[in-house]
Amino acid sequence: MTDRYAVIGHPVAHSKSPEIHASFAAQTGQDIDYQRLLAPLDGFNQTVADFIAAGGRGANVTLPFKLEAFALATRLSARAQAAGAVNTLKFDGDAIFGDNTDGVGLVADIVRNAGVALAGRRILLLGAGGAARGVILPLLQQAPGELVLANRTAARAAALAQEFAAAGPIAASDFADLAGPFDIVINATAASLSAELPPVAPGVFGRAAFAYDLMYGKEPTVFMRFAAQHGAAVRDGLGMLVEQAAESFLLWRGVRPATAAVLAQLRLQLQTQ
Ligand code: NAP
């Protein structure tokens, strides 16, 4: 019987996960069925229960349910525990394993796809929301020289830096006091969604800096344009989306698909939309 998977969200119609996983399945010869599941805002747990009863083997979880998925899991990976959020569920009998592949997806896209090393580098992470929290541990596991967090609500960045202090060299700073330059600047704020620029000074971009925006779209974001104007090489978050999916696929199927062709296909689709 074909194994069933789904992405669960609200809304979910925009999700590219079904086509990404269909490509992975075709490429690796795995027989899976992957659908979108729209859960009612107050019905995440019931949607998961119904899906398991209907033969679901695993699910991706997107906004706004990543915290509910964290609470529902009966066992968590270390990276999900650190992120405080779950984007991948694996069902096995009564057990629900929760993982978070967002951060490792970001690291894979930067290191493997963009060819930018993180070890020893000075990294600035903008934002202290769910996405920022999820990427901190995987970034620190790359042994950067320093990871500095800056957030509009400064206290949230300070609290995160304190929470992850034992995991590596991490500090928090107000936007106004940021002591550049940095080798790598990652925008994990939601500012790009409203075409706004986080309040960073051009001095944060070091010589030959690399700037990454977790958001993706047809056009470069305001942050990417600003970083490019100040000499940085820029990249958006489409590769992170594909890489987090590849990590979920690995967890479910035990095989890591190649991602380059899938990423190229999605990029083409975005540009011709
Ligand atoms: P979130 O939990 O709502 O957090 C939003 C963060 O952005 C907070 O730190 C907030 O600061 C900050 N912020 C919002 N508007 C801002 C503005 N105008 N100027 C400066 N800072 C602003 O959101 P999230 O889940 O972390 O998502 C953040 C971004 O990551 C989104 O664009 C999302 O699409 C993207 N993302 C991409 C992927 C991928 O696979 N590529 C995966 C996950 C997320 P305060 O604390 O001051 O409110």
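Residues numbered from 1 in each chain as written. Predicted model: local features only at pLDDT ≥ 70, side-chain atom pairs only at ≥ 80, totals over all residues. Heavy atoms only, no water.

## Things to note about the packing of helix 1 (residues 17-28) against helix 9 (residues 238-253)
For the pair helix 1 and helix 9, the least separation of the axes is 10 Å and the interaxial angle reads 55°. The orientation of helix 1 relative to helix 9 falls into the category oblique. Crossing hand, helix 1 versus helix 9: right-handed. Touching Ile20, His21, Phe24, Ala25 and Thr28 of helix 1 are Leu241, Val242, Ala245, Ala246, Ser248, Phe249 and Trp252, all from helix 9. In the contact of helix 1 with helix 9, the residues fall into nine nonpolar, three polar and no charged. (Axes fitted to C-alpha atoms, helices over the stretch in contact; angles between N-to-C directions. Helix = DSSP H or I, 4+ residues; strand = E, 2+ residues; numbered from the N terminus. Parallel < 35°, antiparallel > 145°, perpendicular 65-115°, else oblique. Left-handed = near helix turned anticlockwise from the far one by under 90°. Contact = heavy atoms within 4.5 Å. Nonpolar A, V, L, I, M, F, W, Y, C, P; charged D, E, K, R; others polar.)

## Quick word on the sheet that holds strand 3 (residues 56-61)
Reading across the sheet, the six strands line up as 2-1-3-5-6-4 and stay open at both edges, with mixed pairing between neighbours. Of all strands in the sheet, those bounded by a partner on one side alone are strand 2 (32-38) and strand 4 (75-76). Where strand 3 lies against strand 5 (residues 88-92), three bridges are found, and the strand directions are antiparallel. Considered in strand 5, the bridge of Ala59 is made with Leu89. In the packing of helix 1 onto the sheet, the strands contacted are strand 1 (3-9), strand 2 and strand 3, and the crossing angle to strand 2 comes to about 175°. Strand contacts of helix 2 (residues 44-53): strand 1, strand 2, strand 3, strand 5 and strand 6 (95-99), with the helix running at about 170° to strand 1, the strand carrying the most contacts. (Pairing = 2+ DSSP bridges.)

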